[in-house]
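Letter by letter, the chains look like this.
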Amino acid sequence: MAAIYSLYIINKSGGLIFYKDYGSKGRMDTNDSLRVASLWHSMHAISQQLSPTTGCTGIELLEADTFDLNCFQSLTGTKFFVVCEPGTQNMEALLKVVYELYTDYVLKNPFYEMEMPIRCELFDINLTQAIQKDRVALLGR
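Because the structure is a prediction, the values reported are computed rather than measured. (Residues numbered from 1 in each chain as written. Predicted model: local features only at pLDDT ≥ 70, side-chain atom pairs only at ≥ 80, totals over all residues. Heavy atoms only, no water.)

Side note on the side chain of Asp-68
Then, in step 1: Mapped onto the elements of the fold, Asp-68 is located in strand S4 (residues 68-73).
Then, in step 2: Here Asp-68 falls in the buried class, since its relative accessible area comes to 5%.
Then, in step 3: If we skip the residues at most four places from it in the chain, Asp-68 touches Leu-61, Leu-62, Glu-63, Val-82, Val-83, Cys-84, Glu-85, Pro-86, Gly-87 and Thr-88. (Helix = DSSP H or I, 4+ residues; strand = E, 2+ residues; numbered from the N terminus. Buried < 20%, exposed > 50% of the residue type's maximum accessible area, 1.4 Å probe, protein only. Contact = heavy atoms within 4.5 Å.)

This is the structure in structure tokens:
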């Protein structure tokens, strides 16, 4: 059983630029993944405005009965979020690794246009390795 269900990357405008499914029980079609990304972007923005604390950066963890959703927002406004099994640990660290891979293989790619969907083979390969490494570490605990 996979600890990580899916990974999303959303641009600062709320557009889905990357989605990868890692063994969800019910795989979503393209329209559903677009809706989830748009909904998360909206909830994240609303939470920043409604927060009673000053300097709130939005929702970082959403816990539900059947899944957890962990989010990391970069300084540029790009959001990285992972949907995983409830109680899965160290997702913040995984999201930071994904962000590093994004900066190394996507942003430094001269053929990548900002805010557009990510189509970079080196990013995909290294992301798959990072996810597999994380799964092995989770199974070892």
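Quick word on the packing of aromatic side chains
For any two aromatic rings, the description comes down to two numbers: the centre-to-centre distance and the angle of the planes.
Then, in step 1: Taken as a whole and judged by the stated rule, the model has eight aromatic pairs.
Then, in step 2: Centre to centre, the rings of Trp-40 and Phe-81 are 5.7 Å apart; their planes meet at 40°, and the pair counts as tilted. Taken together, the residues Trp-40 in helix H1 (residues 30-50) and Phe-81 in strand S5 (residues 79-84) connect sequence positions 41 residues apart. For the pair Trp-40 and Phe-81, a shared accessibility class is recorded, and that class is buried.
Then, in step 3: Feature note: the residues Tyr-8, Tyr-19, Trp-40 and Phe-81 constitute an aromatic cluster, connected by ring pairs. (Phe/Tyr/Trp six-rings, centres within 6.5 Å; stacked < 30°, edge-to-face > 60°.)

A few points about the pairing of strand S2 (residues 16-21)
Residues in a regular strand project their side chains so that they alternate between the two faces of the sheet.
Then, in step 1: For S2, the buried fraction is high: five of the six residues fall into the buried class.
Then, in step 2: Note that strand S1 (residues 4-10) and S2 share five bridges and pair antiparallel. Bridging from a neighbouring strand, Tyr-8 pairs with Tyr-19 of S2.
Then, in step 3: Two successive antiparallel strands, S1 and S2, enclose a turn made up of five residues, where Gly-14 displays a positive phi of approximately 95°. (Pairing = 2+ DSSP bridges.)

Quick look at the side chain of Asn-70
Then, in step 1: Here Asn-70 is to be found in strand S4.
Then, in step 2: Aside from chain neighbours lying at most four places away, what touches Asn-70 is Glu-60, Leu-61, Phe-80, Phe-81, Val-82, Cys-84, Met-91, Glu-92 and Leu-95.

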